[in-house]
Structure formats: C-alpha cells, structure tokens
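Structural features, examined
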Amino acid sequence: ARPLVCTAEMGTAEIIAGTRAGAVVAVDDAPGLARALRPFLLGPSEAGRAGREARVVVERTCAPDRVAAEREACYQEAVRLWRARRGHFGRQRSR
C-alpha cells in the first residue's frame, strides 16, 4: 500500500482529508506537492504507515456495499423530492 497525495480538486481529496493516509495539496502548487511527497520519499516507515492507513480509509469509504447504499439513498431522496414537487405543482394546476 502507498500513501495518497493528490490535489484539492480530486475526489480522492475528500476521502483522505483529515486522515493520516497522505496529503492534499493545492492545484498548481509545486512547492506544496514537494513538501507533501518529501516525508514519504525520505522515510520508508512513514510511507508504509501512511499507505496502510490509506488502504483502510479507501476500503472503508469506497466499499462497494457502502457506495451502493449511498447511491441508492441519493436516488430515493431525489425521487421523494420529485414526487413532492410534482404533487405540489399538480395541486396548484387543479385550482
């Protein structure tokens, strides 16, 4: 497993932000990227520790069952809102 280093605009950023699994850097910040990579390049034990943490974070956050449940909940909420609006607009038209 390897540590994760990504830019703030990547979807991965929201997964690893606030963890010890790697680092998030600003887009177009080459010095920031170098600072983020440095401890992992110079310290194999730190890279290993962060990599193990990254594996746990990604497995927990991106587990297929979890992703499917979150997506299903999102769809159910969208349908609920659509039905509520449709019913609301339908009542207005019938007056």
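Use the structure listed above.
Below you will find a few notes about this structure. (Residues numbered from 1 in each chain as written. Predicted model: local features only at pLDDT ≥ 70, side-chain atom pairs only at ≥ 80, totals over all residues. Heavy atoms only, no water.)

Compared with an ideal rise of 1.5 Å per residue, which puts 13 residues at 18 Å, helix H2 (residues 30-42) spans 18 Å between its outermost C-alpha atoms and is within 8% of the ideal. Roughly 30° is the biggest bend found in H2, and it falls at Ala-36, with proline Pro-39 one to four residues downstream. Residues of H2 that are buried: Gly-32, Ala-36 and Phe-40. Buried residues belonging to H2 abut strand E1 (4-7), strand E2 (22-25) and helix H3 (44-61). Capping of H2 at its N-terminal end is provided by Asp-29; its side-chain oxygen lies 2.8 Å from the backbone amide nitrogen of Gly-32. (Helix = DSSP H or I, 4+ residues; strand = E, 2+ residues; numbered from the N terminus. Expected span 1.5 Å × (residues − 1). Bend = angle between axes of the 7 residues up to and from the residue. Buried < 20%, exposed > 50% of the residue type's maximum accessible area, 1.4 Å probe, protein only. Contact = heavy atoms within 4.5 Å. Polar contact = N/O pair within 3.5 Å; in protein donor to acceptor, adjacent residues only side chain to side chain.)

Here we come to a nonpolar patch on the surface. A cluster of nonpolar side chains, contributed by Leu-33, Leu-37, Leu-41 and Leu-42, occupies part of the molecular surface with about 390 Å² of accessible area. Summarising the element assignment, Leu-37 is placed in helix H2. (Patch = residues over 30% accessible without salt bridge, like charges linked within 9 Å, V, L, I, M, F, W, Y side chains within 5 Å. Areas by Shrake-Rupley, 256 points an atom, 1.4 Å probe, with all protein chains shown as cover. Salt bridge = Lys/Arg side-chain N within 4 Å of Asp/Glu carboxyl O.)

All right, on to the pattern of salt bridges then. In total, this model carries 4 salt bridges according to the counting rule given. Arg-55 serves as the salt-bridge partner of Glu-59, at 3.9 Å between the closest nitrogen and oxygen. On the criterion of helical spacing, the pair formed by Glu-59 and Arg-55 is a turn pair, its members being 4 residues apart in helix H3. Taking the relative accessible area as the measure of exposure, Arg-55 reaches 46% and is therefore partly exposed. In this structure, the salt-bridge partner of Glu-77 is Arg-80, at a minimum N-O distance of 2.6 Å. Of this pair, Glu-77 and Arg-80 both sit in helix H4 (residues 64-94), 3 residues apart, roughly one helical turn.

This part takes up the packing of H2 against H3. H3 packs onto H2 with a crossing angle of 110° between their chain directions and a minimal axis gap of 5 Å. Between H2 and H3, the angle falls in the class roughly perpendicular. Mapping the contact onto sequence places Pro-39, Phe-40 and Leu-42 in H2 and Pro-44, Glu-46, Ala-47 and Ala-50 in H3. Here the contact of H2 with H3 is built from residues that sort into 6 nonpolar, no polar and 1 charged. (Axes fitted to C-alpha atoms, helices over the stretch in contact; angles between N-to-C directions. Parallel < 35°, antiparallel > 145°, perpendicular 65-115°, else oblique. Nonpolar A, V, L, I, M, F, W, Y, C, P; charged D, E, K, R; others polar.)

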